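Summary of the model geometry
Below, each chain spelled out in residue letters.
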Amino acid sequence: MDLHTVVEVVSPAAVGQWRPGDAWLAGGTALFAEPQTDVTRLLDLVAAGWTPITVHGHGLEIAATCTVADLAGYAGAEHFTAFHELATACCRAFLASFKIWNVATVGGNLCAALPAGPMIALTAALDGECLIFGPDGERRLSVTRFVTGDGATALAAGELLRSITLPAAALTGRTAFRQGSLFAHGRSAVLLIGRRDGAGLVLTVTAATVRPFQLSFAEVPDAGELAAAVRATIPDDAYVDDVHGLPAWRRHLTARYAEEIRAELAG
Ligand SMILES: Cc1cc2nc3c(=O)[nH]c(=O)nc-3n(C[C@H](O)[C@H](O)[C@H](O)COP(=O)(O)OP(=O)(O)OC[C@H]3O[C@@H](n4cnc5c(N)ncnc54)[C@H](O)[C@@H]3O)c2cc1C
């Protein structure tokens, strides 16, 4: 939709330019989907031309402006098998047309902070760390702490998400993925990712909950331990209640998928 209150677009934008009434613009697929009556100026990040994906010795750095299409088509760093498996699954969980895939960005997905954000699931499950630029310098925050609620992030006014770094140690282990929706091609109502971490297990819960929850175990737990840990970690009021599923159903599927993942990765 047209944003009638916007009178200026700054392209490319830089962090020091932010003032009240501004909004960072990435792909625009969430920003232009709803009225933004407080926004008078857009600061275009895509025009900054950041390299979408960079391989470092310590892992992969995904620019905030990397599109879902860039991510889905990325064939480099073949040895990061866990990344490739999960990137494919999470891009497929992004139930949108190729038009959306070509412009929607990874950073925009994290910053929109919708519970069903598949890029949140991917980067949280792989221990992603956000690099945040702000008027007072830069800081780093894990993805699990960056997304704080349904539509809410840890970004302060004037701050932008520059990139997400996935550490190499998280990119090679075995993984398991489960996604549930009310109908075959529906938006994710529950999305769980499991990852073996040495002798241990890391389980990340998204979509069912208003923000990502992560459970880490030094060794693979038994079924009872896992079920108890899920109940203890995720409070009942953290389960999403909207047209894509009732909280009780999401809680039930979370427990079921958690056990399926445990059993799959225990072998
Ligand atoms: C048909 C359709 C299907 C969709 N399906 C899904 C889905 O399955 N799951 C889902 O989560 N979303 C879905 N969306 C919503 C949206 O497309 C995604 O969340 C997308 O990833 C947003 O990215 P974007 O680059 O378009 O962000 P934008 O719309 O440009 O920005 C979104 C918000 O984040 C802010 N922002 C963007 N980048 C930055 C940055 N680097 N730093 C600071 N702030 C920033 C913007 O100011 C804005 O508030 C869908 C949308 C459509 C139209």
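Structure: above.
None of the values given here were measured: they were computed from a predicted structure.

We now examine the pattern of salt bridges. This model, assessed by the stated rule, comprises eleven salt bridges. The salt bridge partner of Arg 19 is Glu 8, with a shortest N-O separation of 3.8 Å. Taken together, the positions of Arg 19 in the loop between strand 1 (8–10) and strand 2 (22–25) and Glu 8 in strand 1 put the pair eleven residues apart, joining distant regions of the chain. Its salt-bridge partner being Arg 178, residue Glu 260 comes within 2.7 Å of it at the nearest N-O pair. Of this pair, Glu 260 sits in helix 8 (residues 247–266) while Arg 178 sits in strand 11 (residues 175–180); the two residues are 82 residues apart in sequence, bridging distant segments of the chain. What you see here is one network of salt bridges that share partners, running through Arg 178, Arg 256, Glu 260 and Glu 264.

Turning to helix 8, a few remarks are in order. Taking 1.5 Å of rise per residue, 20 residues should cover 28 Å, and helix 8 covers 28 Å from first to last C-alpha, within 8% of that figure. For helix 8, every residue scored as buried is listed here: Pro 247, Arg 250, Leu 253, Thr 254, Tyr 257, Ala 258, Ile 261, Arg 262 and Leu 265. Contacts made by the buried residues of helix 8 are with strand 11, strand 12 (190–197), strand 13 (200–206) and helix 7 (223–233).

Let's shift gears to the sheet that holds strand 11. The four strands lie next to each other as 11-12-13-14, forming an open sheet whose pairing is antiparallel. With partners counted over all chains shown, the strands left at the sheet margins are strand 11 and strand 14 (213–217), one partner each. Between one strand axis and the next, the sheet turns through 10 degrees on average, direction left out of account. Relative to strand 13, strand 12 runs antiparallel, the two sharing seven bridges. Paired with Leu 191 across the two strands is Thr 206, which belongs to strand 13. Sheet strands in contact with helix 7 are strand 13 and strand 14, and its direction is about 145 degrees off that of strand 14.

If you check the shell around the ligand, you find 27 residues, and the closest are Trp 24, Gly 28, Thr 29, Leu 31 and Thr 105. Thr 29 places a polar side-chain atom, nitrogen or oxygen, 2.6 Å from an oxygen atom of the ligand. Contact distances for the ligand include 2.7 Å between an oxygen atom and a side-chain N or O atom of Thr 105. Coverage of the ligand by the protein chains reaches 85% of its 970 Å² of free accessible surface. When contributions to the shell around the ligand are tallied by element, the ones reaching two or more residues are helix 4 (106–112) and strand 10 (160–167). In terms of residue count, the dominant contributor to the shell around the ligand is helix 4 (four residues). By residue class, the composition of the shell around the ligand is 19 nonpolar, seven polar and one charged.

Core analysis: the largest hydrophobic core is formed by 50 residues, its most contacted members being Leu 71, Phe 83 and Leu 110. Per-element tally for this core: the top contributor is helix 2 (residues 81–93), with seven residues. Residues in contact with Leu 71, not counting those within four places in the same chain, are Ile 53, Ile 62, Cys 66, Phe 83, Ala 87, Cys 91, Val 106, Met 119 and Leu 122. Within the second largest apolar cluster, 22 residues are counted, among which are Ala 189, Val 205, Leu 226 and Tyr 239.

On to the sheet that holds strand 5 (residues 59–63), then. Taking strand neighbours across the sheet as the criterion, the five strands line up as 4-5-10-6-7 in an open arrangement whose pairing is antiparallel. Only two strands of the sheet have a single partner each, and these edge strands are strand 4 (53–56) and strand 7 (137–142). Within the sheet, the average angular offset between the axes of one strand and its neighbour, ignoring direction, is 25 degrees. In this structure, strand 6 (residues 129–134) lies alongside strand 10, joined through five bridges in antiparallel fashion. Looking at strand 10, one finds that Ile 132 is bridged to Leu 161.

Another point: the packing of helix 2 against helix 5 (residues 118–125). In the contact formed by helix 2 and helix 5, the axes pass within 8 Å of each other and the chain directions differ by 160 degrees. Accordingly, the angle class assigned to the pair helix 2 and helix 5 is roughly antiparallel. Helix 2 and helix 5 meet at a crossing whose hand is right-handed. Packed against helix 2, whose contacting residues are Leu 86, Ala 87, Cys 90, Cys 91 and Ala 93, the element helix 5 presents Pro 118, Met 119 and Leu 122 at the interface. Of the residues in the contact of helix 2 with helix 5, the class split is eight nonpolar, no polar and no charged.

Conventions we followed
Residues numbered from 1 in each chain as written. Predicted model: local features only at pLDDT ≥ 70, side-chain atom pairs only at ≥ 80, totals over all residues. Heavy atoms only, no water. Salt bridge = Lys/Arg side-chain N within 4 Å of Asp/Glu carboxyl O. Helix = DSSP H or I, 4+ residues; strand = E, 2+ residues; numbered from the N terminus. Expected span 1.5 Å × (residues − 1). Buried < 20%, exposed > 50% of the residue type's maximum accessible area, 1.4 Å probe, protein only. Contact = heavy atoms within 4.5 Å. Pairing = 2+ DSSP bridges. Axes fitted to C-alpha atoms, helices over the stretch in contact; angles between N-to-C directions. Near = heavy atom within 4 Å. Polar contact = N/O pair within 3.5 Å; in protein donor to acceptor, adjacent residues only side chain to side chain. Areas by Shrake-Rupley, 256 points an atom, 1.4 Å probe, with all protein chains shown as cover. Nonpolar A, V, L, I, M, F, W, Y, C, P; charged D, E, K, R; others polar. Core = buried A, V, L, I, M, F, W, Y, C linked by side-chain atoms within 4.5 Å. Parallel < 35°, antiparallel > 145°, perpendicular 65-115°, else oblique. Left-handed = near helix turned anticlockwise from the far one by under 90°.

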